[in-house]
Structures are given as structure tokens and as C-alpha cells.
Amino acid sequence: MNSSLALIWTITAATTLLQAGNGLLQALMPLRMQADGISVASIGVVAAAYGVGFSTGCFLAPSFIRHVGYIRAFASLAAIVSVLILAMTQAHSTLAWILLRGLTGVTLACIFTVTDGWISARATSSHRGRILSIYMICTKVALMLSPLGISFGDIRTDGLFMAVSALISLSLLPIAATTTSEPNAPQGVRIEVRKLFATAPSAVVGAFVVGLVNGPVIAITPVFGVRVGLSQDQAAALLFALQAGSLAMQWPLGWLSDRADRRYVIAGLALGTSLVSLLILWASAQGASLLILWSFAAWGGLALCIYSVCVAHACDIVDPGQIVSTVGTLLFSWATGVTVGPLIGALAMEILGPQGLFIYAALASLGLAAFIVMRIIRVQRPPVKGGFADIAPSSSASAGLAPRAEIVTDAQPHASNAEGEAELPDQKGRSPATRVETSP
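It should be emphasised that the depicted structure is a prediction, and the values quoted were computed from it without experimental measurement.

**Student:** With reference to specific residues and values, describe the side chain of Ser-165.
**Tutor:** Among the structural elements, Ser-165 can be located in helix H6 (residues 159-170). Given the relative accessible area of 6%, Ser-165 is considered buried. Of the polar contacts made by the side chain of Ser-165, one reaches the side chain of Ser-82; its length is 2.6 Å.

This is the structure we're talking about:
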């Protein structure tokens, strides 16, 4: 255990502090915008701007890392995020929020590429299981607990934004104190939506619908809570419940998905998400705040785990050499859904009231379940033994955390250029950065 911690303690500590700030920001932003009189539809547009920014960041990050390295990339990007958070205290229009949220999407996507790439490089050894467990538990607990920090300040003042900025700034300290050499940059990746859809349509559609559903729910949940009669603290606690449910369910779902056709698991999670969405609607109509909280935990345990199963399913099918491209393509599908989903979810709330968010979630999830069932009927696949990993949709570098990723590391020590020739590390000892190319 000590040797595992020695490999990852700096990047894990930095990411934990970063996610603590990010989790508090997820609760704070929609509540602040609502308090400023911004409509739910406009809040949805702001959330969509984050999706656009995140997608853009995934494309820009690799070349940036290649030129400056992991440590300086993290330091400079975290400093930019910290400044953007402080600028949010002066945002008084929808346009300002859209611009700032879009820029945070770009920078956070780049930072997650740094952290995922760093952990991926360290997780390809005999310590793989322990490294992933330590990293994922620390970051998920931070993301889970931080929204509760809403109760320590007033959303109408700037104190909570300053706290978020402080947490982001503190994440620089472990990186600055690291004494280990930074890893090589991740290998090249090509986004091939059409090709992967032909091979694993359930995974591509699943990742897209996960973005459609999870994007607006996470972005607008605090507003939903306030609109159905909860206090601001209780509304922020709904985000805690979502992440707690996800953390509690990752291991049982991993065990189950390793012993059955993963498409059954995806369909079951999607159907369960639809049913729990209806339960949330009923509980909110009854004003049962405790039942709403538990329902959100169940919803998070189902909906927030679908992406990981989609990745595992796709990685079961494709050749080991295509793992990086596969994870990058699924991330692209998810990001597309995150860009579109908040617009639809916010519109549903504007037309149908706060319950419209989960009417939309129920219908979209049910549609995914129906699609997966049709695929199961058309194509039978045997269960796959082992290979599940709880991967968050964060960056293309998370391919190194994917099932069978260690096979890729052994088989492909260097990236290749467009002509298929292996590229060597640069003068500073870094391998070529990830290059993201799209193919329809």
C-alpha cells in the first residue's frame, strides 16, 4: 500500500482538492443564478456552454501538455480556473455566465486530461488495482461531500466563490511539492463515431444518452430542489446523494457486469433510472423531503454508473489497440449529450414546471433501455469475465484506466503519426501528446 501511495499521492491530493472545489461549484452556480433572477432556460444554456467548453478542452489539452508537460500544465490551468471562479462573483448577466462557464469547461477538461494521464501511467503496473481504488475513492468522496459546503455561506455573497477559488489554488501545492518525474504524455487517439457505432452501438448510444440525462440533472438539481420546496442546504444535499449513490453502487455493478452480458446491465440501469425518476416526481409532489433525498441516492447509483458499463462493453468488443480510440469516441458522444441535454431539460422545466426535468429524464432513460433491449434481441453476446473499471467521463487520457488498458500499454509503447510511423519522445523525455481527430 505504501508503494502505491508513493506513486500517486501528489496527483491524488491535487485532484481531491480540485474536485472538492468543483463539487461546491456545481451546487453554488445554479443557486446563485436563480437568486440573481436568471431563468431556468438560461441556466440550461449556461450548462450547455460547459459542455461545449469541455469538448473543446478535450481537443486542446493534448498539444498543450506536449509543449509544457504535466506539472506546468496543471499549475497554469488551475491558476486560470481559480481566476475564472473569482470572476463569477462579478457575473450579472446570462452572457457573462455563459462565457465564464464555457471557459471553466475548457480548463477543467484540460486539467482532467492531466490527472487521468498521470494516473493512467502509474496504474499500468502490479499496483493497478490499488492505485485505481485509492484515486477513485478520494476524488469521489471529495465530489460527494463538497456540495454540503453551501451551508457555510450565503449564496448571495462572494464568500463561497472565494472558497471554491481557494480549494482550486490549494490543489497546486501537492503538484508543486512532487519529487517524482512526470509521466509520458498519453498516446494519440482518433475519434471515430461511425466506426464504433457499427461495432458497439449500445455503447455509443448509451454514452450519448448518459450525457443527455446526467448533464441537466447534475447542472439543474439544486434549482429543482428549491423549486419543489426544499431549502438551499437540502437542495445542495441532493448532489451529495447523487454522488453517494454512485460510490455505493460501483462495486456491486462491477461484480454484476463482469458476470453477464453488459448490455443487460446497461438496460437494467436505464430502466431503473426511468422508474426512480418517476419516484422522484411522486415524492416531490408529496413534499416528502427525506424520500426525495433517498430517491436521488438511488438515481445516482443507477444513472451515474451507466457510462462505466458502456466503456467496459465497448472495450470487450474492440481490439486492444483500439482501446484509446474507443474511450475517446465514447467521451465525445457523452460530451455531445452534455451539450444538448441541459437545453432540453431546462426547456422541460420551463414548460412543465420543476417536475419536467425528471419527466424528461424518465423518457430519455426509457428510450435507452428500449434501444438496448432491441440490440440484445438482434445480437447475442456471451458474458465477459472481468474487466470492469469505474471510469468517469473526464478525458481521453482515461483510456489508460479502461479495461484491458494494460494490454495497450504493453503492445503500443509509442504513439504513431498519420503515416503509421512510431514517434519518439521529445528532447525532454516526453512522448507525443494525445492528438484528437474526428471522423463522422
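**Student:** Explain the confidence of the model for the chain residue by residue, including any values.
**Tutor:** In the predicted model, the chain carries a mean pLDDT of 83, and 82% of its residues have values of at least 70. Below pLDDT 50 for its whole length, residues 408-440 participates in 77 contacts with residues either more than four positions away or in separate chains.

**Student:** Describe the pattern of salt bridges, and please don't skip the residues or the numbers.
**Tutor:** Evaluated as defined, the whole model comprises 5 salt bridges. Between Asp-261 and Arg-263 there is a salt bridge, with its nearest N and O atoms 2.8 Å apart. Taken as a pair, Asp-261 and Arg-263 share a single burial class, namely buried. Counted as one network, the salt bridges with shared partners bring together Arg-32, Asp-36 and Asp-158.

**Student:** With reference to specific residues and values, describe the packing of aromatic side chains.
**Tutor:** For the structure shown, the criterion picks out 9 aromatic pairs. Between the aromatic rings of Phe-54 and Phe-112, the centroid separation amounts to 6.5 Å while the plane-to-plane angle is 45°, which identifies the pairing as tilted. Here the residue Phe-54 occupies a position in helix H2 (residues 40-68), and Phe-112 occupies one in helix H4 (residues 94-122), the gap between them amounting to 58 residues. With 5.0 Å between their ring centres and 65° between their planes, Phe-224 and Phe-358 make a pair best called edge-to-face. Of this pair, Phe-224 sits in helix H9 (residues 201-227) while Phe-358 sits in helix H15 (residues 356-378), and the two are 134 residues apart along the sequence.

**Student:** Could you give an account of a nonpolar patch on the surface, with specific residues and numbers?
**Tutor:** A cluster of nonpolar side chains, namely Leu-347, Ile-351, Leu-352, Ile-359 and Leu-363, defines an oily patch on the protein surface of about 500 Å² accessible area. Of all the elements in the fold, those that place two or more residues in the nonpolar patch are helix H14 (323-352) and H15. The dominant element in the nonpolar patch, judged by the number of residues it contributes, is H14, at 3 residues. Position of Leu-347 relative to the elements: it lies in helix H14.

**Student:** Kindly report on the nonpolar core, identifying the contributing residues and their values.
**Tutor:** Counting 120 residues, the largest nonpolar core has Trp-97, Ile-150, Phe-296, Trp-299, Leu-330 and Phe-358 as its most contacted members. Here the element with the most residues in this core is H9; it accounts for 13 residues. Look past the residues within four positions of Leu-330 in its chain and what remains in contact with it is Leu-196, Ala-203, Val-204, Ala-207, Tyr-307, Cys-310, Val-311 and Ala-314.

Thresholds, definitions, all that
- Residues numbered from 1 in each chain as written.
- Predicted model: local features only at pLDDT ≥ 70, side-chain atom pairs only at ≥ 80, totals over all residues.
- Heavy atoms only, no water.
- Helix = DSSP H or I, 4+ residues; strand = E, 2+ residues; numbered from the N terminus.
- Buried < 20%, exposed > 50% of the residue type's maximum accessible area, 1.4 Å probe, protein only.
- Polar contact = N/O pair within 3.5 Å; in protein donor to acceptor, adjacent residues only side chain to side chain.
- pLDDT = per-residue confidence, 0-100.
- Contact = heavy atoms within 4.5 Å.
- Salt bridge = Lys/Arg side-chain N within 4 Å of Asp/Glu carboxyl O.
- Phe/Tyr/Trp six-rings, centres within 6.5 Å; stacked < 30°, edge-to-face > 60°.
- Patch = residues over 30% accessible without salt bridge, like charges linked within 9 Å, V, L, I, M, F, W, Y side chains within 5 Å.
- Areas by Shrake-Rupley, 256 points an atom, 1.4 Å probe, with all protein chains shown as cover.
- Core = buried A, V, L, I, M, F, W, Y, C linked by side-chain atoms within 4.5 Å.

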